[in-house]
Amino acid sequence: MKHLPVAGKAIALLFSAALLVACSGSDTKEQEDAAAAAAAAAAAAQSAQEAADAANATATAEQARLDEAAAAVGNVFYFEYDSSNLTPEALAALDAHIAALHTNTKNVRLEGHTDERGTREYNLALGERRAISVRDYMVANGIENFRIETISYGEESPVAYGSGEANWAQNRRVELK
């Protein structure tokens, strides 16, 4: 559908030029020049539209590729016990999300979580520090601060129930939504 307005204009312009050439009996050289100029302008407009369409298709394909890469690494970033420092694995996953966010204007929410160890207040603060750690890394890598919301759930929303390191490790996380 994008081609119709420009193509329609180009056809109308060419038709008008041809009509002028056909209707006049004198000054055919001037009219032929005008028709040639009109045809050249129409061709240039069509070429510009095709270039814009190609650029748009390339940008759309790149956005899809970056979104797929971000989805492939997941949207959960894990932390060590009692820490809000990003692990190398979390940094690599965040880089994929940052690349995708650079090509759009989406807002994100970072939800900080902890395992069940510690007091409720301590875990809420730790979950917040984790979410802020992720946000700060994103901002340092060019994502605007106003696009990022942080929230802490502390130990209130576990994904793995029970005691033990295997369960606790799954709950020490920040989720990007």
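Since the model is a prediction, treat every value here as computed from it, not as a measurement.

What counts as what
- Residues numbered from 1 in each chain as written.
- Predicted model: local features only at pLDDT ≥ 70, side-chain atom pairs only at ≥ 80, totals over all residues.
- Heavy atoms only, no water.
- Salt bridge = Lys/Arg side-chain N within 4 Å of Asp/Glu carboxyl O.
- Helix = DSSP H or I, 4+ residues; strand = E, 2+ residues; numbered from the N terminus.
- Buried < 20%, exposed > 50% of the residue type's maximum accessible area, 1.4 Å probe, protein only.
- Pairing = 2+ DSSP bridges.
- Right-handed = clockwise from strand over helix to strand, strands pointing away.

Asks: Give me the pattern of salt bridges: which residues, what numbers.
Replies: A side chain of one charge can pair with a side chain of the opposite charge if their charged atoms are brought near each other. Going through the model one piece at a time under the given rule, you end up with 11 salt bridges. Between Lys177 and Glu111 there is a salt bridge, with its nearest N and O atoms 3.6 Å apart. Highlighted residues: Lys177 in the segment after strand S4 (173-176) and Glu111 in strand S2 (residues 108-113), separated in sequence by 66 residues. According to the relative accessible area criterion, Lys177 is partly exposed, its value standing at 45%. Given a relative accessible area of 5%, Glu111 falls into the buried group.

Asks: Could you give me a rundown of the pairing of strand S3 (residues 148-154), with the residues and numbers involved?
Replies: Across six bridges, the pairing between S2 and S3 is parallel. Within the sheet, the bridge partner assigned to Arg109 lies in S3 and is Glu149. Since S2 and S3 lie parallel, the crossover through helix H4 (residues 120-140) that links them has a hand, and here it is right-handed.

Shape descriptors only; they carry no functional weight alone.
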